[in-house]
Amino acid sequence: MTLPLDPALLARLQFAFTISFHILFPAFTIGLASWLAVVEWRWLKTGDETYRDVYRMWVKIFAVTFGMGVVSGIVLSYQFGTNWSVFADKVGNVLGPLLGFEVLTAFFLEASFLGIMLFGWNRVSPKMHFAATVIVASGTLVSAFWILSANSWMQTPQGFFIGDDGLYYPLNWLAIIFNSSFPYRMIHMVVAAYLTTAFAVSGVGAFYLYRQKFTDQAKVMFGMAMLMAIFVAPLQLLFGDLHGLNTFKEQPVKVAAMEGLWETQKGAPLVLFGWPDEEREATRFAIEIPKVSSLILTHHPDGEVRGLKEWPADRRPPVAPVFWSFRIMVGVGMMMILTGVLALFLYFRKRLFDCPWFHRWCMLMTPAGFIAVLSGWFVTEIGRQPYIVYNSLLTSESISPVAGIHVGLSLIAFIIIYGLVFGAGIYYIIRLVQKGPVPETETPYGGHGIEAPPLFSDVVTPKGEDHV
């Protein structure tokens, strides 16, 4: 007996697997590039070599992460042709130019100045090197602009018409690019990227402080990261609320799944926890706070919130993954805000850099941003189902005419290859962290010591040398 292989399900799993890997790298590099620009600016302004040491360490990590992001992004492009050719054919007139603009305006910009950023220390002036860092950071934001515009259009499609041939044609490019959900998704995702970087950097800085290694550089990392936790994490709560209100207006069935609400109600409760049961069409074992969901979504305690039963069963998203992913995202966000509050308290107590239990907490919070980004992405993408273009094109109608066995075999190959390639990349990043921001022998240039050994110098610890 052989198990049936649904090509649509396998193609979705394959794309989910590859994009889950991919999104982690841009989410990290967007924030890291901007942070590196600030660090280099502080070095040029103050002349403090501590900032230079921090930059030299993290720019290597940026290079590895950027490379892994490019490689994993190319795979996604191929999957549009191999697994989703019908989708690519139908919406190519709309999404093709958006993705092309991303390459022309962002990727070429990043690639052109990345070389100066990585290898220009002894070849350009300090100001030119700083300009290259700023341009690369700007390029990451421009890339996010186009990718999120394309994704937002799939969530809230506007500015197009469907021809007699069944293909989508652009009607108003401004409406396509700046569709109704794009501004909220853009700011929410970029801030999420900054917080992802902040907590990754704070985790490394906390590790050094806890081990009493590279303390000067660690204070720079940890202090700057905690500023983000103090001021930006609470703002993300506001941005998330605005994004949620827009989703409530544009995709109410997604919000119903996020909230675990089945019946349309006035004064709908906030379901803290429960178990969404799609067969019974109920959220079992629910722990609720009366009227809070209506208050959040409508800003009135007796506002009406539509339940999942308002839509046919085959037009609802899978409820449990959306429900739980949303709670994980919100829970991690609250932990980030708590971290900022604790950091502020310890700062006024003058113990921010001398509090081992808080440093251990921040080490545990190192992957928090990545978890929140993935959870939010699952809410966004799974919550759009069963549509690939919301309320317009079904996912089941977008699959390539390919046998399930072929998709399944390629999925297995991706899992193996990704495990090897990206495992090696992550191992190298860990070795860079273990080596730490060790000051390097410099030859002064233009008043600043910017000439250094090759960027990717050996990170293997020599025998007998004590490292972290």
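Residues numbered from 1 in each chain as written. Predicted model: local features only at pLDDT ≥ 70, side-chain atom pairs only at ≥ 80, totals over all residues. Heavy atoms only, no water.

Enquirer: Sorry if this is basic, but what is going on with the pattern of salt bridges here?
Expert: When the charged atoms of two side chains lie near each other, side chains of opposite charge can form a pair. Within the structure shown, the criterion is met by 10 salt bridges. In this structure, arginine 306 and glutamate 310 form a salt bridge, with 3.9 Å as the shortest nitrogen-oxygen distance. Given a relative accessible area of 35%, arginine 306 falls into the partly exposed group. Three or more residues joined by partner-sharing salt bridges are found here, namely Glu49, Arg52 and Asp53. (Salt bridge = Lys/Arg side-chain N within 4 Å of Asp/Glu carboxyl O. Buried < 20%, exposed > 50% of the residue type's maximum accessible area, 1.4 Å probe, protein only.)

Enquirer: Can you walk me through the packing of helix 1 (residues 7–46) against helix 6 (residues 182–211) in this structure?
Expert: The angle between the axes and the distance between the axes are what describe a pair of packed helices. Closest axis-to-axis distance for the helix 1/helix 6 pair is 7 Å, and the angle between their directions is 80 degrees. By the angle class used here, helix 1 and helix 6 are roughly perpendicular. Where helix 1 abuts helix 6, its residues Ile23, Ala27, Phe28, Ile30, Gly31, Leu32, Ser34 and Trp35 lie against Met189, Ala193, Tyr194, Thr196, Thr197, Ala200 and Val201. Tallied by class, the residues present in the contact of helix 1 with helix 6 amount to 11 nonpolar, four polar and no charged. (Axes fitted to C-alpha atoms, helices over the stretch in contact; angles between N-to-C directions. Helix = DSSP H or I, 4+ residues; strand = E, 2+ residues; numbered from the N terminus. Parallel < 35°, antiparallel > 145°, perpendicular 65-115°, else oblique. Contact = heavy atoms within 4.5 Å. Nonpolar A, V, L, I, M, F, W, Y, C, P; charged D, E, K, R; others polar.)

Enquirer: Is there a simple way to think about the environment of histidine 359 in this case?
Expert: Mapping histidine 359 onto the fold places it in helix 11 (residues 356–364). Classification of histidine 359 by relative accessible area gives buried; the value is 2%. Remark: the alpha-carbon pair of histidine 359 and valine 124, spanning 235 residues in sequence, is separated by 38 Å. For histidine 359, the residues in contact, after removing those within four places along its chain, are Ala206, Leu209, Tyr210, Phe222, Leu352, Phe353 and Asp354.

Enquirer: Sorry if this is basic, but what is going on with the side chain of threonine 133 here?
Expert: Of note, threonine 133 is situated in helix 4 (residues 126–155). With residues near it in sequence (within four places) discarded, threonine 133 still touches Ala33, Leu36, Ala37, Glu40, Tyr55 and Met117.

Enquirer: Would you mind showing me how to read the environment of methionine 335 here?
Expert: Within the secondary structure, methionine 335 is located in helix 10 (residues 319–348). For methionine 335, a relative accessible area of 33% gives the class partly exposed. Distance from methionine 335 to alanine 233, taken between C-alpha atoms, is 9.4 Å for residues 102 residues apart in sequence. Those residues in contact with methionine 335 that sit more than four places away from it in its chain are Trp361 and Met365.

Enquirer: What am I meant to see in the side chain of serine 152 here?
Expert: Relative to the assigned elements, serine 152 resides in helix 4. A residue is classified by how much of its surface remains accessible, and serine 152, at 0% relative accessible area, is buried. Leave out the neighbours within four places in its chain, and serine 152 touches Asn179, Ser181, Phe182 and Arg185.

Enquirer: So what exactly am I meant to see when it comes to the packing of aromatic side chains here?
Expert: Geometry of an aromatic ring pair is reported as the spacing of the ring centres plus the angle between the planes. Counted by the stated rule, this structure contains 30 aromatic pairs. Both rings, one in phenylalanine 414 and one in tyrosine 418, keep their centres 5.8 Å apart while their planes meet at 90 degrees; by these two values the pair is edge-to-face. In this pair, phenylalanine 414 and tyrosine 418 both sit in helix 13 (residues 404–435), four residues apart, roughly one turn of the helix. Comparing phenylalanine 414 with tyrosine 418 shows no difference in burial state: the two are buried. Each member of the aromatic cluster is reached from another via a ring pair, and the members are Phe17, Phe21, Phe25, Phe414, Tyr418 and Phe422. (Phe/Tyr/Trp six-rings, centres within 6.5 Å; stacked < 30°, edge-to-face > 60°.)

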